[in-house]
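# Notes for the structure review
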Amino acid sequence: MKSNKQRRKELKAARSQRAKHQKQAKIAWQKRPPSGAIAVDHSKLAPNNSYTLPPDYYTDQPFTCRDCGVEEVWTAERQKWWCEVAKGSIFSTAIRCRACRKVERDRKAEARRIHLEGVAKKRARQQAGD
Ligand SMILES: [Zn+2]
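Residues numbered from 1 in each chain as written. Predicted model: local features only at pLDDT ≥ 70, side-chain atom pairs only at ≥ 80, totals over all residues. Heavy atoms only, no water.

### What about the domain arrangement of the protein chain?
How we decide: Either an automatic procedure or a domain database provided the assignment from which the domain bounds are taken. Throughout, a residue-residue contact means that at least one pair of heavy atoms, one from each residue, lies within 4.5 Å. When two parts are brought into contact, each loses some accessible area as probed by a 1.4 Å sphere; the total of that loss over both is the buried area. Should a side-chain nitrogen of Lys or Arg be within 4 Å of a carboxyl oxygen of Asp or Glu, the pair is scored as a salt bridge. The term polar contact refers here to a pair of N or O atoms within 3.5 Å; inside protein, the definition further demands a hydrogen-donor-capable atom paired with an acceptor-capable atom, and it admits residues adjacent in sequence only when both atoms are side-chain atoms.
According to the domain assignment, the protein chain contains domain 1 (35-96) and domain 2 (98-130). The C-alpha centroid of domain 2 is placed 31 Å from the C-alpha centroid of domain 1. Residue-level contacts link six residues of domain 1 with four residues of domain 2. Regarding the contact of domain 1 and domain 2, the summed buried area is about 440 Å², with carbon and sulfur atoms giving 51% of it. Taken as a group, Glu72, Arg78 and Arg96 account for 79% of the area that domain 1 buries against domain 2, more than any other trio of residues on that side. Counting across the interface, domain 1 meets domain 2 through zero salt bridges. Run the count over domain 1 and domain 2 and you get zero residue pairs in polar contact (both at pLDDT 80 or more).

Encoded structure:
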């Protein structure tokens, strides 16, 4: 037969074991991936010098377009592509909707073309003057 002291010791051990299990279950629950999340492949991210740890999951991020004000969602899938294929920053956020991005890209390309043309003309003029 066990002594009371022995029994108390066993009860105490069982209780602390149970508390430990509950604590671990709670942490696992808190750390569970959000629904619709895609895991981040940290080995494919572009190097950055941030002290902030990158997130472990991509989640759909709703945003409002800066130019036209339309509501759009930057999906977890597109974020994965942006960070791991296009090597964009893991800390970037979406700013413009699809349509406005195209307009902005065309505007930049046109501005670049005009600038380079101007530079070429200036060079030609300088060479003619020499
Ligand atoms: Zn827009």
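### So, unusual backbone geometry
In most cases, non-glycine residues show a negative phi, while peptide bonds are predominantly trans. Heads up, the rule is: Secondary structure elements follow DSSP: runs of H or I of four or more residues count as helices, runs of E of two or more count as strands, with numbering from the N terminus.
At Lys87, a position not held by glycine, the phi torsion is positive, near 60°. Here Lys87 shows up in the loop between helix H2 (76-84) and helix H3 (98-129).

### Description of the environment of Tyr51
Secondary-structure assignment places Tyr51 in the loop between strand E1 (38-39) and strand E2 (57-58). Counting along the chain gives 21 residues from Tyr51 to Gln30, while the straight-line C-alpha distance between them is 23 Å.

### Points about the coordination of the zinc ion
Using the following cut-off: Because water is not among the atoms used, a metal site may look incomplete, as its donors are only the N, O and S atoms within 2.8 Å, or 3.2 Å for Na, K and Ca. Square planar and octahedral sites, with four and six donors, are those where opposite donors lie more than 155 degrees apart and all other angles lie between 65 and 115, tetrahedral sites have four donors with every angle between 85 and 135 degrees, and the rest are irregular.
Distances from the zinc ion to its protein donors, namely Cys65 (SG), Cys68 (SG), Cys97 (SG) and Cys100 (SG), fall within the range 2.2 to 2.3 Å. Its four donor atoms give the zinc ion angles of 104 to 116° at the centre, a pattern that matches the tetrahedral case.

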